[in-house]
Each structure stands twice: as structure tokens, then as C-alpha cells.
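What the coordinates show
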Amino acid sequence: MNVLVNGERQELPAGARVADLVPVERRWIAVSLEGEVVPRSAWDETELAEGQRVEILEARAGG
Amino acid sequence: MSGDRAFELGGRSWESRLIAGTGGFRSLDAMERALAAAGAEIATVALRRIDPAAGGSIMDVLERLGLFVLPNTAGCYTARDAAKTARLAREAFGTDWIKLEVIGDDRTLLPDPVELLRAAEELVADGFVVLPYTSDDPIVARRLEEAGCAAVMPLAAPIGSGLGIRNPHNLELIVESAAVPVIVDAGIGTASDAALALELGCDAVLVASAIARAADPEAMARAMRLAVEAGYVARQAGRIPRRHYAQASTTDEGIPELA
């Protein structure tokens, strides 16, 4: 299936979950799926579906 | 006035009245040296798409310096986007503090007060400590305070413009009626601007570009720290009134007849 990860199309096996996309070893990360927050505690169980939009965000310098 | 210079913000006490922005530095190393020189306790961060190629993280630096992380909603143009960004920031950084920015226009980067108020109401209801970046409009500031914001952060001038305090009178009006801290955010160009903000009675200033883009950010950070302290002490000391004509500081008594 195809999922849009940070604006880029990625092909993933069926049944892929949020945790498969996130560099789990990194702290200070937030994930949004279809515009809604997916808390870290739910990354393992949240399955992705065809065509969904995932945003994986981290800290960046800013005022 | 006692030696206690702390101020209350979001239910906590802070010693430093200089809040540091982290955007615009040439490198993380330059940022680290400047933040240390600024003596700030709070630093802002933004939330962006991960960069798999990134070396060090800004968070390592902030952690090393023991800084309190204040996420922002930079780049949001609607209440909806800002509220979502705030919730993502809460998840990423484990804090319910948010510097709320809702921009109305990409040329001026001025706040959109209608969307800002809407976002503030929503986030306060959701338990956030909301610090809104706002225009220097006393009525908007009052509405934000009534909405439950923990502070109001009026601009001195547009973000990154370095124009200094364009409307000191408005800032005075905001200070006069606000029961929450007033923090000047955006538009500071150099140390005297920061000092003036404190002299006008503002509780703190947030400085980003003026330090980050200075020729020597570390030195400017130190200048800002001193300016904020000077401005605060001057405010407490009570300045003399402005007079139209001169008033001699030396007595007229005992002037000799020399003609």
C-alpha cells in the first residue's frame, strides 16, 4: 500500500503500523495521522491504511 | 524594592526576564554559546518534519543548558492548525506550555487576532498554558487575558524587523491593565529596545533574531541580558518626569555677583 509520509509517497507492506515509520530511538518526536495526534503509546498498535497522510515531526530551531 | 527580581509566569517563578528564541543562528554551537551568555531560563522551539540527515538536535543543546522548552506554533495561519500543532508539541515535548502564533500574512507576519483568540480559547479549555504572540492592541490583549491566557506577548514591531518598539504608548496601556505578565515578543533590534520594554513596565522580552543574526551573537546575548536587567531596575527605581523646560540641578542659592 501507499502512504504519504511527510509529503512523500512511501510503499509499505499491508499491516504496517506507525511504529514502523518512526525512528523510535529518537526522543522529542510527534506523529500526526490524518491530522490527528497519535500518542507515542499508540504507535505500536496504530495500523496504517492506503492513502493515509502521516506527519512525523521533531524539534527545530525557531523563535 | 527588594533584591527579588523574579516574576511569575504560568504558575512558576523565573529569575531571568529574557526569553530566548532559537531560530536564525548560524550553527548549534553559536546558539549554545549565545543562550549561555543570555542567561535565559526559557527557550522557544518549533516543530517541523524530521530531517533524517540531521546531526545534533537542538534539544540536546537545550537539555545541556537546563533550559525550559517553550514550543511555538510558528507557521500556522488558522486556529485549527495552531491548535493541532500545540497538541503535537505537547506530545513531542511533554509540556502543556505553548507560545501561540497565528499569523495573518506572510509578508508582515503580523498576528491574526481573530484566529488567535479562537485558538487561545480552545487551548486554554484543553488545559494549555497559553502564551499568545499578539499585536500591540490593548483591546486584543485584554480579550486574550479574559480568555485565560497565562501572559500576553505583544510585538514591538514585525518579526525579524529589528525596528524596536513602534508604539510604546500602546505597550504602556497594555501593561496598565494586564493582570498577567506582559512579554514583548518580536521586533527587538538591539539592547536599548529591550531596556525600554522593561522600563515601560513589561515583565520580560523574547528575543530571537536580534541575538541570532547579530554579527557577534554571544556578545549581543550578553548585551540583552544586561539591558533587561537595567530596564527592570530603572523601572523599579522610578524615572523622573519628562519636563518641557530645563530644571537646574545646581542650586541658585549663593551665586556670586561677578559683574
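Residues numbered from 1 in each chain as written. Chains lettered and ligands numbered in written order. Predicted model: local features only at pLDDT ≥ 70, side-chain atom pairs only at ≥ 80, totals over all residues. Heavy atoms only, no water.

**Considerations on the overall build of chain B**
- Helix and strand counts for chain B come out as 9 helices and 10 strands.
- The C-alpha atoms of chain B give a radius of gyration of 20 Å, which matches the 18 Å a tight globule of 259 residues would have.
- By its C-alpha atoms, chain B is 85 × 40 × 40 Å across when sized along the principal axes.
- Within chain B, the fraction of its 259 residues that count as buried is 49%.
- About 12,400 Å² of surface is accessible on chain B, with carbon and sulfur atoms providing 49% of the total. (Helix = DSSP H or I, 4+ residues; strand = E, 2+ residues; numbered from the N terminus. Rg over C-alpha atoms; globule rule 2.2 N^0.38 Å. Buried < 20%, exposed > 50% of the residue type's maximum accessible area, 1.4 Å probe, protein only. Areas by Shrake-Rupley, 256 points an atom, 1.4 Å probe, with all protein chains shown as cover.)

**Some words on the overall build of chain A**
- Regarding its fold elements, chain A presents 0 helices and 5 strands.
- For chain A, the succession of helices and strands along the chain, N to C, is β-β-β-β-β.
- Taken over the C-alpha trace, chain A has a radius of gyration of 12 Å; the compact-globule value for 63 residues is 11 Å, and the two agree within 12%.
- With the principal axes as the frame, chain A shows a C-alpha extent of 40 × 25 × 20 Å.
- Relative to all contacts within chain A whose residues are 6 or more apart in sequence, the contacts with residues 24 or more apart total 53%. (Contact = heavy atoms within 4.5 Å.)

**A few points about helix α1 (residues 28-38) of chain B**
Residues and elements named next belong to chain B.
- Looking only at α1, the buried set comprises Ala30, Met31, Glu32, Ala34, Leu35, Ala37 and Ala38.
- Elements in contact with the buried residues of α1: β3 (18-20), α2 (58-64), α8 (209-212) and α9 (217-237).
- Looking one or two places after α1, you find Gly39, whose phi comes out positive at around 65 degrees.

**A short note on the side chain of Thr46 of chain A**
Residue and element names in this part refer to chain A.
- Tracing the sequence through the fold places Thr46 in the loop between β4 (36-38) and β5 (53-61).
- A residue is classified by how much of its surface remains accessible, and Thr46, at 18% relative accessible area, is buried.
- Reaching out from Thr46, the side chain makes a polar contact with the backbone oxygen of Ala42 at a distance of 2.5 Å. (Polar contact = N/O pair within 3.5 Å; in protein donor to acceptor, adjacent residues only side chain to side chain.)

**Points about the confidence of the model for chain B**
- Looking at chain B as a whole, its pLDDT mean stands at 95, while 98% of the residues score no less than 70.
- Interface confidence in the predicted complex, given as ipTM, is 0.93; pTM for the same model is 0.92. (pLDDT = per-residue confidence, 0-100.)

**Examining the sheet that holds strand β8 (residues 153-154) of chain B**
All names here are of chain B.
- The 3 strands lie next to each other as β6-β7-β8, forming an open sheet whose pairing is parallel. One side of each edge strand has no neighbouring strand; the edge strands of this open sheet are β6 (97-100) and β8.
- In this sheet, strand β7 (residues 129-134) lies alongside β6 in parallel orientation, the contact comprising 4 bridges. Opposite Trp97, over in β7, you have Val129 as the bridge partner.
- Running at roughly 175 degrees to β7, helix α4 (residues 113-125) makes contact with β6 and β7 of the sheet. (Pairing = 2+ DSSP bridges. Axes fitted to C-alpha atoms, helices over the stretch in contact; angles between N-to-C directions.)

**Here's the deal with empty space enclosed by the protein**
Residues and elements named next belong to chain B.
- One pass over the full model with this rule turns up 1 cavity of 30 Å³ or more.
- Its volume calculated, the largest cavity comes out at about 40 Å³.
- For the largest cavity, the full set of lining residues is Pro138, Ala141, Arg142, Glu145, Ile174, Ser177 and Ala178.
- Contributing elements (two or more residues each) for the lining of the largest cavity: α5 (138-146) and α6 (168-177).
- Looking at which element gives the most residues to the lining of the largest cavity, the answer is α5, with 4 residues. (1 Å grid on protein atoms, 1.4 Å probe; cavity = no way out; pocket = protein on both sides within 12 Å on 5 of 7 lines; lining within 4 Å. Points joined across faces, edges and corners; volume = space filled by probe spheres on them.)

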